[in-house]
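Below are the chains, spelled out letter by letter.
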Amino acid sequence: MASPCVELSNKMKMPTLGLGTWQAPPGKVEEVVKFAIDAGYRLFDCAYFYQNENEIGNAIQQKIKEGAVKREDLFIVTKAMEELVDCGLVKAIGISNFNHEQIERILNKPGLKYKPVNNQIECHPYLTQEKLIKYCKSNGISVTAYSPLGSPNRPWAKPGEPVLLDDPEIKEIAVRHHKTPAQVLIRFLIQRDVIVIPKSDKPQRIEENIKVFDFELSKKEMDVILSFNRNWRAVPALQAVNHKDYPFKAEY
Ligand SMILES: NC(=O)c1ccc[n+]([C@@H]2O[C@H](COP(=O)([O-])OP(=O)(O)OC[C@H]3O[C@@H](n4cnc5c(N)ncnc54)[C@H](OP(=O)(O)O)[C@@H]3O)[C@@H](O)[C@H]2O)c1
């Protein structure tokens, strides 16, 4: 089943669920992306920094050639720029890891050509981002949640840090719905009208992660999960902590 879409402020449609590709190994990611297209994924989150964009491009080209999908049905995210919109190579500009003060600065920038349509930020039950999401939405900026499963495979994970997929209360809710904890975490974001990009390079999990449109968390369950917030970041980008624009010191 293909994922439904949300309409961005520039009227473009963006799928609510996509595949993350950070740490998807170059030797494997080509097959992974082809599999995901067949499984119904139409949004792919990429970055030059992930060192696998060539292979992802090959997979997409092959699937288009095969007639499995049309280019206009795919939404490819990479990290990009105003001139590329002018050239017609990019259809929409988003931002990532911007706090509300930084967004405010962009929106008030004299001569701003293209308003960002999306802010990609870390978001999951331990970092619910309620204020930032509210701020973005009130400014017509949709939100994509990265690390929606708590990024269990992040290379800097330390013993004793919380493991979202093992949270007993998430597990309990999953059992109640005959779903997996990952599906509950993804659904939690979709019901908040947040676009979500779980990463997997395992066919079984890629299929599992898109089967989230056939159940609904109750208002009570949503409130319970929201109450798990502890402002914990899986991706604190500590290498940039002394940069003047380090975004995670602001409250939101
Ligand atoms: N803009 C930014 O600064 C930024 C930062 C971080 C991430 N991102 C983007 O967001 C994407 C997702 O975030 P992420 O990769 O940090 O973490 P994530 O999606 O929260 O977690 C991915 C991890 O969970 C495992 N997994 C996936 N599905 C699962 C399932 N159903 N059950 C159990 N485990 C499952 C994956 O393992 P397997 O692959 O082995 O299945 C992988 O180790 C990235 O890939 C990237 O595209 C952007």
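Reading guide: rules and limits
- Residues numbered from 1 in each chain as written.
- Predicted model: local features only at pLDDT ≥ 70, side-chain atom pairs only at ≥ 80, totals over all residues.
- Heavy atoms only, no water.
- Pairing = 2+ DSSP bridges.
- Helix = DSSP H or I, 4+ residues; strand = E, 2+ residues; numbered from the N terminus.
- Contact = heavy atoms within 4.5 Å.
- Axes fitted to C-alpha atoms, helices over the stretch in contact; angles between N-to-C directions.
- Core = buried A, V, L, I, M, F, W, Y, C linked by side-chain atoms within 4.5 Å.
- Buried < 20%, exposed > 50% of the residue type's maximum accessible area, 1.4 Å probe, protein only.
- Near = heavy atom within 4 Å.
- Polar contact = N/O pair within 3.5 Å; in protein donor to acceptor, adjacent residues only side chain to side chain.
- Areas by Shrake-Rupley, 256 points an atom, 1.4 Å probe, with all protein chains shown as cover.
- Nonpolar A, V, L, I, M, F, W, Y, C, P; charged D, E, K, R; others polar.
- Phe/Tyr/Trp six-rings, centres within 6.5 Å; stacked < 30°, edge-to-face > 60°.
- Lys NZ or Arg CZ within 6 Å of the ring centre and 35° of its normal.

> Can you break down the sheet that holds strand S7 (residues 118–122) residue by residue, with the values?
Taking strand neighbours across the sheet as the criterion, the four strands line up as S6-S7-S8-S9 in an open arrangement whose pairing is parallel. Where the open sheet ends on each side, the last strands, each with one partner, are strand S6 (94–96) and strand S9 (195–196). Both S7 and strand S8 (residues 142–146) contribute to a ladder of five bridges, which runs parallel. The partner of Asn 118 across the bridge, within S8, is Ser 142. Helix H5 (residues 130–138) contacts S7 and S8 of the sheet and is inclined by roughly 175° relative to S7.

> Give me the sheet that holds strand S3 (residues 19–20): which residues, what numbers.
Spatial strand order, S3-S4-S5: three strands in an open sheet with parallel pairing. Every interior strand has two partners, whereas the edge strands, S3 and strand S5 (75–77), have only one.

> Account for the nonpolar core, with residues named and values stated.
Grouped together as the largest cluster of nonpolar side chains are 68 residues, with contacts concentrated most on Met 14, Leu 17, Val 33, Tyr 41, Phe 44, Leu 217 and Ile 225. Among all residues touching Val 33, those that are not within four sequence positions of it are Phe 44, Ile 56, Ala 59 and Ile 60.

> Go over the site of the ligand with me, naming the residues and quoting the values.
Taken together, the neighbourhood of the ligand is formed by 27 residues, with Asp 45, Leu 149, Ser 151, Ser 200 and Lys 202 sitting nearest. Tyr 50 has a polar side-chain atom sitting 3.3 Å from a nitrogen atom of the ligand. Here an oxygen atom of the ligand and a backbone polar atom of Pro 148 are 3.3 Å apart. Compared with its free state, where it exposes 910 Å², the ligand has 90% of that area covered by protein. The dominant element in the shell around the ligand, judged by the number of residues it contributes, is helix H8 (residues 203–210), at three residues. Looking at side-chain class alone, the shell around the ligand contains 10 nonpolar, 11 polar and six charged residues.

> Just give me the short version of the side chain of Thr 128, but keep the residues and values in it.
Relative to the helices and strands, Thr 128 resides in the loop between S7 and H5. Among residues more than four places away in sequence, those in contact with Thr 128 are Cys 123, Ile 133, Phe 188, Arg 192, Leu 226 and Asn 229.

> Before we move on, can you summarise the packing of aromatic side chains with the specific residues and values?
In this structure the tally under the stated criterion is four aromatic pairs. The residue whose ring lies beneath Arg 230 is Tyr 126, and the NZ or CZ to ring-centre distance is 4.0 Å. In this structure, Arg 233 is placed above the aromatic ring of Phe 248, and the distance from its NZ or CZ to the ring centre is 3.7 Å.

> Could you give me a rundown of unusual backbone geometry, with the residues and numbers involved?
For Ser 151, which is not glycine, the phi torsion reads 45° and is therefore positive. Mapped onto the fold, Ser 151 is located in the loop between S8 and helix H6 (168–176). Positive phi, normally seen in glycine, also occurs at His 178, with a value near 55°. Topologically, His 178 is positioned in the loop between H6 and helix H7 (181–190). The exposed category is assigned to His 178, whose relative accessible area is 74%.

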